[in-house]
Amino acid sequence: HNIPYRINSTTGMFTGFFSEHDVNDYESATACDRKAYERFFKLMLAEGIFFAPSQFEASIVTLCHKEKEIIKTVESYEKVFRAMSSL
């Protein structure tokens, strides 16, 4: 969708950043597009997917998340990124 987006992850935790550059420290994290994250957060919430309201917090995949929830999240990402790219 031609949206600059990076995901940093480790052991079941991940955070997405709207940036064209790698995010690996405080400076690069604060340089990300926080308005884009706000749009993403609100659109995902409308899809029933709750992410942390701040891009500086991690999301966590747990054993409670089964295939159904993973598929719903991936489908919601696709829908939300399609909507964001049309803005």
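It should be emphasised that the depicted structure is a prediction, and the values quoted were computed from it without experimental measurement.

Participant: Please explain the overall build of the protein as it appears in this structure.
Facilitator: Tallying secondary structure elements over the protein gives 3 helices and 3 strands in all. Taken from N to C terminus, the helices and strands of the protein fall in the order β-β-α-α-β-α. Relative to a compact globule of 87 residues, whose C-alpha radius of gyration would be 12 Å, the protein shows 13 Å and is just as compact. Here the C-alpha coordinates of the protein stretch approximately 35 × 30 × 20 Å along the principal axes. Scored against the burial criterion, the 87 residues of the protein give a buried share of 30%. Taking contacts inside the protein between residues at least 6 apart in sequence as the whole, the part at least 24 apart equals 49%. Here the protein contributes 10 positively and 12 negatively charged side chains, and the mean placements of these two sets differ by 7 Å.

Participant: Before we go on, may I ask you to explain the pattern of salt bridges in this structure?
Facilitator: If the charged atoms of two oppositely charged side chains come close together, the side chains can form a pair. In the structure shown here, the tally under the stated rule is 5 salt bridges. Note that E47 and K72 form a salt bridge whose closest N and O atoms lie 3.8 Å from each other. With E47 in the loop between α2 (34-46) and β3 (59-60) and K72 in helix α3 (residues 67-85), this residue pair connects regions lying 25 residues apart in the sequence. E47 is the partner of K79 in a salt bridge, and the nearest nitrogen-oxygen pair spans 3.0 Å. Of this pair, K79 sits in helix α3 while E47 sits in the loop between α2 and β3, and the two are 32 residues apart along the sequence.

Participant: What exactly am I supposed to notice about the pairing of strand β2 (residues 13-17) here?
Facilitator: Successive residues of a regular strand alternate their side chains across the two faces of the sheet. The buried fraction of β2 amounts to 4 of the 5 residues, a majority that puts the element mostly inside the structure. Where strand β1 (residues 6-10) meets β2, 5 bridges bridge the pair, whose relative direction is antiparallel. Paired with R6 across the bridge in β2 is F17. Counting the residues between successive antiparallel strands, the hairpin from β1 to β2 contains 2 residues, one of them, T11, with a positive phi of roughly 35°.

Participant: Help me out: how do you make sense of the sheet that holds β3 in this one?
Facilitator: Within a beta sheet, neighbouring strands are joined by backbone hydrogen bonds and run either parallel or antiparallel to one another. Taking strand neighbours across the sheet as the criterion, the 3 strands line up as β1-β2-β3 in an open arrangement whose pairing is antiparallel. The open sheet is flanked by β1 and β3, the only strands paired with a single partner. In this structure, β2 lies alongside β3, joined through 2 bridges in antiparallel fashion. Residue M13 lies in a different strand from β3, and its bridge partner there is I60.

Participant: Would you take a moment to explain the packing of α2 against α3 for this structure?
Facilitator: Working note: a packed helix pair is described by the angle between its axes plus the distance between those axes. Relative to each other, α2 and α3 sit at 130°, their axes nearing to 10 Å. With respect to each other, α2 and α3 are oriented oblique. At the point where α2 passes α3, the crossing takes the right-handed sense. On the side of α2, the interface is formed by A36, R39, F40, L43 and M44, while α3 contributes T73, S76, Y77, V80, F81, A83 and M84. A breakdown of the residues in the contact of α2 with α3 according to their chemical character gives 9 nonpolar, 2 polar and 1 charged.

Quick notes on the rules
Residues numbered from 1 in each chain as written. Predicted model: local features only at pLDDT ≥ 70, side-chain atom pairs only at ≥ 80, totals over all residues. Heavy atoms only, no water. Helix = DSSP H or I, 4+ residues; strand = E, 2+ residues; numbered from the N terminus. Rg over C-alpha atoms; globule rule 2.2 N^0.38 Å. Buried < 20%, exposed > 50% of the residue type's maximum accessible area, 1.4 Å probe, protein only. Contact = heavy atoms within 4.5 Å. Lys, Arg positive; Asp, Glu negative; His and termini not counted. Charge placed at Lys NZ, Arg CZ, Asp CG, Glu CD. Salt bridge = Lys/Arg side-chain N within 4 Å of Asp/Glu carboxyl O. Pairing = 2+ DSSP bridges. Axes fitted to C-alpha atoms, helices over the stretch in contact; angles between N-to-C directions. Parallel < 35°, antiparallel > 145°, perpendicular 65-115°, else oblique. Left-handed = near helix turned anticlockwise from the far one by under 90°. Nonpolar A, V, L, I, M, F, W, Y, C, P; charged D, E, K, R; others polar.

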